[in-house]
Amino acid sequence: MMFPQIGLTHYLFISAILFSLGIFGVITRRNAIMVLMGIELILNSANINFIAFSRYGGLNLDGQAVAIFVIILAASEAVIALAIVLNIFKTLQTVNVDEVNKLRQ
Amino acid sequence: MQFLGFGILTWITFLPLLGMIIVLFIPKTNWNAIRWTSAFFTFLQVILAVVIYFNYDRGMAGVNTQAGMQFVEKYTWIDIKQVAWFGRIHIEYFLGIDGLSVPMVLLTGLICFIAVFASWGIDKAVKGYFALLLLLDTGMMGVFVALDFFLFYIFWEVMLLPMYFLIGIWGGPRREYAAIKFFLYTLFGSVLMLLVILALYFSVTVTDPTTGEKMHVFNMLTMMEAANFEPGSLLAGLHTYWRYVAYIALFIAFAIKVPIFPFHTWLPDAHVEAPTAISVILAGILLKMGTYAMMRISFPMFPDAALYYAKPLAIFGFINIVYGALVAMAQTDFKKLIAYSSISHMGIVVLGMSALNTQGMTGAIFQMFNHGTITAMLFLIVGVIYDRAHTRGLDEFGGLANQMPKYFAIMSIAFFAALGLPGLSGFISEVFAFLGAFQTYRWITIASTVGIVLTAGYMLWTLQRVFLGPLPERWTKLTDINGREMFTLVPLAAIIIFLGLYPSPMLDLMTASANYLVDVVKTTGSMAVGVGP
Amino acid sequence: MTQDTLLTLSLLILFLPLFGFVVQSFFGRRLPRQGDWFETGLLFVALLLSFVVLYGKFRLYSEETLQGTFRWVDFGNVPGLGPLQLYLGIMIDNLAAAMLVVVTVVSAFVHLFSIGYMAGDVRYARYFGFLGLFSFSMLGIVLTNNFLMMYIFWELVGLSSYLLIGHWYERKSASDAAKKAFIVNRIGDVGFLVGILILFAMYHTFSFDRIFSEIGAGSIPFGSGSWLTAAGLLVFMGAVGKSAQFPLHVWLPDAMEGPTPVSALIHAATMVAAGVYLVARTYAMMTADALLVIAYIGAVTALIGATIAITQTDIKRVLAYSTISQLGYMMMGLGVGAFSAGMFHLMTHAWFKAGLFLGSGSVIHAMHHALHHVGDHHSDPQDIRNMGGLRRKMPITFWTFLIFTLAISGVPFTSGFLSKDEILAGTLAFGGLTGHVLLPILGYLVAGLTAFYMFRLLILTFLGDHVVPARLDHVEESGKVMTIPLIVFAVISFFIFYSFNPFGASSGWYFSYVERPISAVPSVQQAASIEVFEEAVHHAHVPAILLSLLVAGGGILLAFGTYYWKKINAEALAARFSALYKFSLNKWYFDDLYNATVVRGTLGTMRVLRWFDDKVIDGIVNGTAFVTKVSSFGSGRFDNVVIDGMVNLVAYITGFCGLVLRLVQTGKVQTYIVFVLFGVVVFFLLFRSV
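Conventions and cut-offs
- Residues numbered from 1 in each chain as written.
- Chains lettered and ligands numbered in written order.
- Predicted model: local features only at pLDDT ≥ 70, side-chain atom pairs only at ≥ 80, totals over all residues.
- Helix = DSSP H or I, 4+ residues; strand = E, 2+ residues; numbered from the N terminus.
- Rg over C-alpha atoms; globule rule 2.2 N^0.38 Å.
- Buried ≥ 20, exposed ≤ 12 C-beta atoms within 10 Å, placed from the backbone.
- Contact = placed C-beta atoms within 7 Å.
- Nonpolar A, V, L, I, M, F, W, Y, C, P; charged D, E, K, R; others polar.
- Core = buried A, V, L, I, M, F, W, Y, C linked by C-beta atoms within 7 Å.
- Expected span 1.5 Å × (residues − 1).
- Bend = angle between axes of the 7 residues up to and from the residue.
- Pairing = 2+ DSSP bridges.
- Axes fitted to C-alpha atoms, helices over the stretch in contact; angles between N-to-C directions.
- Parallel < 35°, antiparallel > 145°, perpendicular 65-115°, else oblique.
- Left-handed = near helix turned anticlockwise from the far one by under 90°.
- pLDDT = per-residue confidence, 0-100.

1. Here's the deal with the overall build of chain A
Link 1 in the chain: A count of helices and strands for chain A gives three helices and zero strands.
Link 2 in the chain: Taken from the N to the C terminus, the helices and strands of chain A come in the order α-α-α.
Link 3 in the chain: Since a compact globule built from 105 residues should have a radius of gyration of about 13 Å, the 18 Å found for chain A marks it as more spread out than a globular shape.
Link 4 in the chain: Residues classed as buried in chain A amount to 13% of the 105 residues present.
Link 5 in the chain: Here the contacts in chain A between residues at least 6 apart in sequence split such that 47% fall between residues at least 24 apart.

2. A short note on the overall build of chain B
Link 1 in the chain: Summing up its helical and strand segments, chain B has 22 helices and six strands in all.
Link 2 in the chain: Over its C-alpha trace chain B gives a radius of gyration of 23 Å, about what one expects of a compact globule, namely 24 Å for 533 residues.
Link 3 in the chain: C-alpha extents for chain B along the principal axes are approximately 80 × 60 × 40 Å.
Link 4 in the chain: Across the 533 residues in chain B, those meeting the buried criterion constitute 62%.
Link 5 in the chain: Within chain B, counting contacts between residues at least 6 apart in sequence, those at least 24 apart form 80% of the total.

3. Side note on the environment of Ala 552 of chain C
Link 1 in the chain: For Ala 552 of chain C, the position within the fold is in helix H21 (residues 530-564).
Link 2 in the chain: Taking the C-alpha atoms as reference, Ala 552 of chain C lies 40 Å from Tyr 61 of chain C; in sequence the two are 491 residues apart.

4. A short note on the interface of chain B and chain C
Link 1 in the chain: Each partner contributes residues to the interface: chain B has 42 residues there, and chain C has 38 residues.
Link 2 in the chain: Only helix H13 (310-329), helix H15 (358-389), helix H18 (425-440), helix H19 (442-448), helix H20 (450-467) and helix H22 (504-525) of chain B provide two or more residues apiece to the side of chain B that touches chain C.
Link 3 in the chain: Residue contributions to the side of chain B that touches chain C peak at nine residues, all from H22 of chain B.
Link 4 in the chain: Within the side of chain B that touches chain C, the residues separate by chemical class into 25 nonpolar, 14 polar and three charged.

5. Focus on the arrangement of the chains
Link 1 in the chain: Counting contacts across all two pairs of chains that touch, the top pair turns out to be chains B and C.
Link 2 in the chain: One thing to see here is that chain A and chain B don't touch, and their nearest C-alpha atoms sit 44 Å from each other.

6. Looking at the nonpolar core
Link 1 in the chain: Counting residues in hydrophobic clusters, the biggest one holds 444 residues, and the most contacted among them are Val 105, Val 280, Ile 281 and Ala 414 of chain B together with Val 276 and Ala 354 of chain C.
Link 2 in the chain: Sorting elements by how many residues they give to this core places helix H6 (residues 172-203) of chain C first, with 19 residues.
Link 3 in the chain: In this structure, Val 276 of chain C is in contact with Ala 239, Ser 243, Leu 327, Met 330, Met 331, Leu 334, Gly 342 and Leu 346 of chain C, ignoring residues within four places of it in sequence.

7. Examining the environment of Leu 198 of chain B
Link 1 in the chain: As for its position among the elements, Leu 198 of chain B is in helix H7 (residues 175-203).
Link 2 in the chain: Separated by 134 residues in sequence, Leu 198 of chain B and Thr 332 of chain B have C-alpha atoms that sit 44 Å apart.

8. Topic: unusual backbone geometry
Link 1 in the chain: Residue Pro 259 of chain B is bonded to the preceding Val 258 of chain B through a cis peptide linkage, with omega at -10°.
Link 2 in the chain: Its place among the elements puts Pro 259 of chain B in the loop between helix H9 (241-257) and helix H10 (266-273).
Link 3 in the chain: For Ala 125 of chain B, which is not glycine, the phi torsion reads 45° and is therefore positive.
Link 4 in the chain: Residue placement: Ala 125 of chain B occurs in the loop between helix H3 (102-118) and helix H4 (126-145).
Link 5 in the chain: The backbone phi angle of Ala 244 of chain C is positive, close to 55°, even though this residue is not glycine.
Link 6 in the chain: With respect to the helices and strands, Ala 244 of chain C occurs in the loop between helix H8 (225-242) and helix H9 (251-254).

9. Looking at helix H11 (residues 276-301) of chain B
Residues and elements named next belong to chain B.
Link 1 in the chain: Taking 1.5 Å of rise per residue, 26 residues should cover 38 Å, and H11 covers 36 Å from first to last C-alpha, within 8% of that figure.
Link 2 in the chain: Most pronounced at Met 294, the bend in H11 amounts to some 35°.
Link 3 in the chain: The element H11 is extensively covered by neighbouring structure, given that 26 of its 26 residues are classed as buried.

10. Observations concerning the pairing of strand E1 (residues 66-78) of chain C
All names here are of chain C.
Link 1 in the chain: In the sheet, E1 pairs with strand E2 (residues 82-92) via 10 bridges, with the strands oriented antiparallel. The partner of Arg 71 across the bridge, within E2, is Tyr 87.
Link 2 in the chain: Adjacent in sequence and paired antiparallel, E1 and E2 are bridged by three residues, among which Gly 80 carries a positive phi angle near 75°.

11. Overview of helix H4 (residues 124-143) of chain C
Link 1 in the chain: The terminal C-alpha atoms of H4 of chain C lie 29 Å apart, and with 20 residues this matches the ideal 28 Å at 1.5 Å per residue to within 8%.
Link 2 in the chain: Most of H4 of chain C is tucked away, with 20 of its 20 residues classed as buried.

12. As for the packing of H4 of chain B against helix H5 (residues 149-158) of chain B
Residue and element names in this part refer to chain B.
Link 1 in the chain: At a closest axis distance of 8 Å, the pairing of H4 and H5 adopts a crossing angle of 150°. With respect to each other, H4 and H5 are oriented roughly antiparallel. Crossing handedness for the pair H4 and H5: left-handed. Listed contacts from H5 to Thr 138, Gly 139, Gly 142 and Val 143 of H4 are Phe 152, Phe 155, Trp 156 and Val 158.

13. Remarks on the confidence of the model for chain B
Link 1 in the chain: Residues of chain B with pLDDT of at least 70 account for 98%, and the chain-wide mean is 88.
Link 2 in the chain: With a pTM of 0.85, the predicted complex shows an ipTM of 0.90.

14. Examining the packing of H8 of chain C against helix H12 (residues 288-309) of chain C
Residues and elements named next belong to chain C.
Link 1 in the chain: Where H8 contacts H12, the two axes come as close as 9 Å, and the packing angle between them is 25°. Viewed along their axes, H8 and H12 adopt a mutual orientation that is roughly parallel. Our pair here, H8 against H12, has a crossing hand that is right-handed. Residue-level contacts link Thr 229, Gly 232, Leu 233, Phe 236 and Val 240 of H8 to Asp 289, Ala 290, Val 293, Ile 294 and Ile 297 of H12.
Link 2 in the chain: A class-by-class count of the residues in the contact of H8 with H12 yields seven nonpolar, two polar and one charged.

Encoded structure:
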């Protein structure tokens, strides 16, 4: 059985699917945690893109370095975001983003 | 004469302001501290006035020369080199007094001191009242000592604001109407004055001694010198159209303050509604500003127009005398009657100064002083009765002579002084004013003497209605005048009697300046058309 | 005795009563007996001193005029005139010395009389204080050497007169009378003031001497003789007011509201005579025209006073009109040129008229007590119809009253005969010289009338029977302090004190010391010279005496015939000539005339002017305010609708856009992301071909 040669297109395809799932999550979910997870998906899809281009685009290790930056960034983002969500939950007893509209009122 | 680096005139002008600042730091419930602080500062002012009286050189004339002015303080106040299209702005802090202002300075010190004691009974927002009173004091004193037109204008306006609030807040039932009327009327005059100030400012130039460049100044004495007018400027020359217009504008501005018929109707309203002490200041000092400003500003700056319009001025004086007396006679409100009598008496000042001779001018200045003391007494007297009876209707009283004998005695002095009884100061100034006026305007003066009879008529009629006859049942509980009220009235009565017998101590202050002013107006004013720079 | 001593003494005389006034005003009520003897004592000291001055002046300096001046006001160097100072001062000439005695004598004895008359009065101390003030002012008039001080004291006597007329100010009639007196006097004073203004404008001095010498040197006010006459007449106007001459005489009868001693002092003997004194003082500047006017005014006044006095029933009012009439005599005397006679009449009249008033005071006092005793509070104690027969109960008052009545009627051997006769002789001479015969006719007519109404008064008061006989038992003679002044005045009403010749005073001391001053006016305006006039008087003397004896006798007989023997029925006569009777009873309707014209005119004018001031002048002010308000309302509307409308329109459009766009703004991040995604897709579709 002959597996087709795995190339750039496949990586990009995976990345696109992940991105779409992430966007879908961010847009449709009402739970802040889920929204955050969507964001993580988007970031990871970006990482895949960076690495794929690094491997196939002749960009040496630049893409991989950026990917590591993004992972660090995503980690710290998640920490801060979760801390905010936790505080929101403490004060408002909810993590539903539609109900957190204090600034609007 | 300097104290702590400031001249005596600065002190006498700004002492009340200092007092006001201190009053503002006193807790508002501590009424006595507020009152005594005000009394203390106005008393210091009286002491300074006495110092000025004894150090004043009677031989110096002043009027339009800086050398003749006394206690001069002159500093550059505002000096901005380059302002767009306006040029250089140069304003001086220039104070000085001569024979025209000394009597007024003495009067202001005295009346303000007495006004503080007359305000003892104020029980509404005491702190604000006394603070405003002291501010008013500074404004009035400033008007009489300022020799820079800009400074003069500022003091003129400074005095307006506290007056507005003093009438508008502490006044009688129609206080708001009266306060607004007073304010707007005076402001209307101020605008005219401001226009003339600007016209003069742009017409007059002097050479800056340091840089040698020509510059405009607000110095009044500079504006009196014909040589300083820039040729071709609006007010240059003599007997020109624009000079007459400027004189009339100034006249209206000052006539409102005097007040001269037909600009007088703010006066009865303001007097009637104002609290006693404010009426005293209003009649005692504020009215004098109008005539003072005419002598200080209109006459020396526009001698040509002053001479040209002297006869209409005399006619205005006549109308004031007779009209004021007749309308006063028709009043049934005690305070309104006194207010109209003020109009009548100020007419004598106007008539006297319009004569443009020594007796008339001296009589006018002296009458300003005397009217200040006499009318102050009259308003204090009305205040005394109003505090007790809470009415001022003349027809409601009667027979108070037996109920309040001390009050009756002191009041008789004021009334007879007001009707010009010899032996009291009002007589001398009246006679001098008439003596002077008769030499210039025979028939107008003769017609004005009718006022003497009318004044006697309404004064005695009032005396009869309030004091003589049987005592109505409702007034049997009125108490006689108390010590504090006596304290406000007796000094005035003493001055009135003393100056009535021997007026020289006061007349000597003013004769040199009066003579000089007359001379300036007559010689400059009678120069032929077109003569000048 | 040097001149300075005399001047110092005169100043002392002047200021003693003032000192009394000051002490009385501050401490009067605390002094023993409220200071009545203190004040009276001061006046008697002044009286003694004035005799000393009179003696010293007549014996040592009868030809000089003593003057003492001080600088009062210094005007400095007046432009166009040079240095100008005003001096005040006093002067004593023979006239002043004589007047000094007149004033102090009357004043001192009136003080004495008042101690009895005013006993128990509510304002006893004040009363004596004001008497002192009056005496001071009156002495000031006598002593002054200039117009200004004359005017000052002139007004001051007016003030003291005002205060004393209104002594019982609880009565409206009293305060009305006081006010009337002051205001009517003021009218005269204004004339006087204008006269002074004319003189000052011309000569820049107030001094009598300097003004007269300037006039004598040919300097006339404004270069016109009529201005000189006008100045004289205006000065005389002051005298018209004070001396109650026609047409300003209306205040004097009302002034009787004051206490009777006051009427005696002020309104009979001294103050009202001040006008005559003023004319005498300024005699040198009076032109012939002015003097003629003075003479006629005097004659008319004499007639008016006498005709009204006939019908009056109030004892004091009869005397008041008689005073007016006698003052008219004095003026007439001065006017025709009988200067010494006029001034002499002033003095003799002061004695007997003060006596008459004090006598009437004594009667009123007694009547008052009697009425009080019988419990009658309705009858007027001053009405002569309620009297009669008082002679038996009040002998001293009666006999002195009789002497005064004889004197005023001009019966020989009295002082009044001497002085009146000289005046009448003067009018006869004047009539002969100038043809003005009306003056002597009026003079003699009034002389007859005077004798008639004075005896009518005497008869109705003292003779016959008392109206209510029972009341007479309670009438008592007044005490010594009241009778002594009467006796003194009665004694000096005999001729012997003035001239040893009972039929002619011209040889007496008064005429030799007090002489007509030499006129200063230009000769064309002068009246007949002293020599010509004296010659004429000399010729007129004997006919004058005979005529005056005749009219006086006639008047007295008529009075007795009517009121004592009742041969003539007075009521029937009054009914028959009711128009004349009413005319006299209502005082020639002067008060009504003045009320209808001057008083109502002034009151009407003042009401109109008040309306004018409130509605028109203030109306214009308020109207301006109203117009400003209306226009500000209009411009406010314009501002709101048009200007602000445009601004609001912009805002509205913006708001509408906002309203639409806000639908997009949900505030949900997720929605925005959708938009972002949408945008990315759109951009992708747009730019994919590139």
